[in-house]
Amino acid sequence: MILCFVATIGAAAAAHSAVTESSGRAAPEPSRAQVREQVKALGALGQALFFDPALSGSGKLSCASCHDPAHGFAAANGLAVQLGGGDLRQPGVRAVPSLKYLQAVPPFTEHFFESEDDADESIDNGPTGGLTWDGRVDRGQQQARIPLLSDFEMGNKNDEDIARRLIAADYGTRIAAVAGLQGTADASVLVNTALKALEVFEQDYRTFYPYTSKYDAVLAGKAVLTAQEARGLDLFNAPAKGNCASCHVSQRGNDGTPPQFTDYGLIALGAPRNPGIPANRDPHYFDLGLCGPLRTDYLNRTDYCGLFRTPTLRNVALRKTFFHNGVFHSLQQAVEFYVERETKPERWYSRKSDGSVDKYDDLPMDAKANVNMDPPFDRHAGEAPALKPDEIQDVISFLNTLTDGYTPPEQ
């Protein structure tokens, strides 16, 4: 794909630049053929690093340990948060997001305006884009650094730790060759090239954005939705029913690109507090997404508290946990929460000491005003939910058509 090659040319150029900056030596600009070879070598290196536990403090945790290819590069188990650190006993604080279909996520911006080809440019859609649940980095290499240096993930203390592990795992010579060095790479080049390699691997369209779901086949005229799947799509799109497409865009772009099933926006959904996360045992602890604590540049922006990036729904049927805190463990629960959050809050939230329902109980009081109230959240307690039980099953049936690996029937 052209997009993949253009992106990886940039990756190779950045690796070339990193070598020049780190070594202080001006290296000659590579030819296009050399760029292609470097991209290929970076991708192969990134794939090896992705599946290698040797980069972790425990020596037992790789990127693939949490981002399983068989589960859309998300967690293979139903744990709300994964265990890591040097002893593999340190719990995380968020559910593992999928690494698939991140290639089109725009850089984070506080004020996102749709392009003139898509919608009214005057409408400010607010915080949008960025990688991770809180959008705090924009590049794959920046994202890859986070787990490598996290106390509750791979447990390295600094770049020197990472470099030592790369050398001990016999990546030193390979990285130097990929970076175009004749001698041994220094720590900075080792780490920067390794991070770039992970980024390039995650830009491989055949693995990370293949668009091989049944729904893609339907859009290409190579398959047809069943009656139930078609009803589910209609309910998914209908503003007065599921209204899912308002955030999880299901239509092709005006330029013909496949739908990404996300608008990349950051939104507060008011997911219930998850007692399965050890950090939540402290009643004063709140994971507030865009306003912290993991992201630190908007700590004082109360209006941003509770906002998390809308993930793609592609391969959602492969997930074992849902929402940023992994509070739900089935599509059934997730869809039911959407339509019952306001109509039956007592089912989803804890109760206060006086017995009343503590709505949006995973947010402090001053952040509860940020919770989204667009349909189907515009209903009230005691009213009928936007979707009936059979309609929920229809929506789930449609969501199952978003799983990659579908083989269209022979024409």
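The structure displayed is predicted, hence computed values, not measured ones. One numbering rule holds for all chains: residues counted from 1, following each sequence as written. Residue-level local features of this predicted model are given only where pLDDT is at least 70; pairs of side-chain atoms are given and counted only at 80 or more, and the full residue set underlies all totals for whole chains, interfaces and linings. Hydrogens and water are ignored here; the side-chain numbers use all heavy atoms of the structure.

Caption draft 1: Region of interest: helix H10 (residues 227–237). Taken together, the buried positions of H10 are occupied by Glu229, Gly232, Leu233, Leu235 and Phe236. The buried residues of H10 occupy one face: seen down the axis, they fall within an arc of 165°. Residues of H10 that are exposed and point more than 90 degrees away from the buried face comprise Ala227 and Asp234. A contact between two residues is defined here by any heavy atoms of the two lying within 4.5 Å. A run of DSSP states H or I qualifies as a helix once it reaches four residues; a run of E qualifies as a strand once it reaches two. Both are numbered from the N-terminal end. Turning to H10, the residues buried within the fold contact helix H9 (214–219) and helix H12 (389–399). Each residue is assigned to one of three classes by its accessible area relative to the maximum for its type, calculated with a 1.4 Å probe on protein chains only: buried under 20%, partly exposed between the two thresholds, exposed over 50%. By definition, the arc is the one covered by directions from the helix axis to the C-beta atoms.

Caption draft 2: Representation of empty space enclosed by the protein within the structure. Each cavity reported here is a set of points on a 1 Å grid over the protein atoms alone in which a 1.4 Å probe fits but cannot get out, each pocket an open set with protein on both sides within 12 Å along at least five of seven lines, and each lining residue one with an atom within 4 Å of a point. Grid points are joined across faces, edges and corners, and a volume is the space filled by probe spheres set on the points. The full count for this structure, using the stated rule, is 1 cavity of 30 Å³ or more. Roughly 30 Å³ of volume is contained in the largest cavity. Surrounding the largest cavity, Val93, Ile277, Asn280, Tyr285, Asp287, His324, Asn325 and Asp362 form its lining. The class makeup of the residues in the lining of the largest cavity is 3 nonpolar, 3 polar and 2 charged. Following the grouping adopted for this structure description, the nonpolar residues are Ala, Val, Leu, Ile, Met, Phe, Trp, Tyr, Cys and Pro, the charged ones are Asp, Glu, Lys and Arg, and the polar ones are all others, Gly among them.

Caption draft 3: Representation of the state of the cysteines in the model. Disulfides are defined in this document as cysteine sulfur pairs within 2.5 Å. Throughout the structure, instances matching the rule amount to 1 disulfide. The disulfide bridge from Cys291 ends at Cys305, spanning 2.0 Å between sulfur atoms. The sign of the S-S torsion, about 105°, decides the handedness of the disulfide formed by Cys291 and Cys305: right-handed. Taken as a pair, Cys291 in the loop between strand E3 (266–267) and strand E4 (308–309) and Cys305 in the loop between E3 and E4 lie far apart in primary sequence, 14 residues in all. Like Cys305, Cys291 is buried. With no disulfide of its own, Cys66 lies closest to Cys63 among cysteine sulfurs, the gap being 8.7 Å. Residue Cys66 is classed as buried on the basis of its relative accessible area, which comes to 14%.

Caption draft 4: Fine view of the packing of helix H11 (residues 331–340) against H12. The contact between H11 and H12 brings their axes to 10 Å, and the two run at 125°. When the axes of H11 and H12 are compared, the pair comes out oblique. Considering how the two elements wind past one another, H11 and H12 form a crossing that is right-handed. Touching Leu331, Gln332, Val335, Glu336 and Val339 of H11 are Ile392, Gln393, Ile396 and Leu399, all from H12. Here the contact of H11 with H12 is built from residues that sort into 6 nonpolar, 2 polar and 1 charged. Here an angle of 0 to 180 degrees is reported between the N-to-C directions of two axes, which are lines fitted to C-alpha atoms, with helices fitted over the stretch in contact. Comment on the angle field: the value is read as roughly parallel under 35 degrees, roughly antiparallel over 145, roughly perpendicular from 65 to 115, and oblique elsewhere. Working rule for handedness: look at the near helix, and if it is turned counterclockwise from the far one by less than a right angle, call the crossing left-handed; if clockwise, right-handed.

Caption draft 5: Spotlight on the pattern of salt bridges. By convention in these notes, a salt bridge is any Lys or Arg side-chain nitrogen within 4 Å of a carboxyl oxygen on Asp or Glu. Going through the model one piece at a time under the given rule, you end up with 23 salt bridges. Among the salt bridges present, the one from Arg295 reaches Asp297, with a minimum N-O distance of 2.7 Å. As a salt-bridge pair, Asp358 and Lys368 come within 2.7 Å of each other at their nearest N and O atoms. Taken together, the residues Asp358 in the loop between H11 and H12 and Lys368 in the loop between H11 and H12 connect sequence positions 10 residues apart. In this structure Asp358 comes out as buried when scored by relative accessible area, which is 17%. With relative accessibility at 15%, the residue Lys368 sits in the buried group.

Caption draft 6: Examining the packing of H10 against H12 more closely. Contact geometry of H10 with H12 gives a least axis separation of 7 Å together with a crossing angle of 100°. By the criterion of interaxial angle, the relationship of H10 to H12 is roughly perpendicular. Of H12, the residues touching H10 (which contributes Gln228, Glu229, Arg231, Gly232, Leu233, Leu235 and Phe236) are Glu391, Gln393, Asp394, Val395, Ser397, Phe398 and Leu399. Partitioning the contact of H10 with H12 into residue classes produces 6 nonpolar, 4 polar and 4 charged.

Caption draft 7: Spotlight on the environment of His67. With respect to the helices, strands and loops of the structure, His67 is situated in the loop between helix H3 (63–66) and strand E1 (83–84). In this structure, the C-alpha to C-alpha distance between His67 and Pro97, residues 30 residues apart in sequence, is 8.0 Å. Of the polar contacts made by the side chain of His67, one reaches the backbone oxygen of Phe73; its length is 2.9 Å. Polar contact criterion, stated in full: a pair of N or O atoms within 3.5 Å, where within protein one must be able to donate a hydrogen and the other to accept it, and residues adjacent in sequence count only if both atoms are side-chain atoms.

Caption draft 8: The nonpolar core, seen in detail. One finds Phe323, Phe398 and Leu399 to be the most contacted residues of the largest nonpolar core, which totals 48 residues. Of all elements in the fold, only H10, E3, H11 and H12 reach the threshold of two or more residues within this core. Side-chain atoms within 4.5 Å are what join buried Ala, Val, Leu, Ile, Met, Phe, Trp, Tyr and Cys residues into a set we call a nonpolar core. Cys63, Ala64, Tyr101 and Leu166 belong to the second largest nonpolar core, which has 41 residues in total.

Caption draft 9: Examining the side chain of Glu340 more closely. Residue placement: Glu340 occurs in helix H11. Note on Glu340: relative accessible area 15%, which makes it buried. Once residues within four sequence positions are removed from consideration, Glu340 is found in contact with Pro345, Arg347, Trp348 and Pro385.

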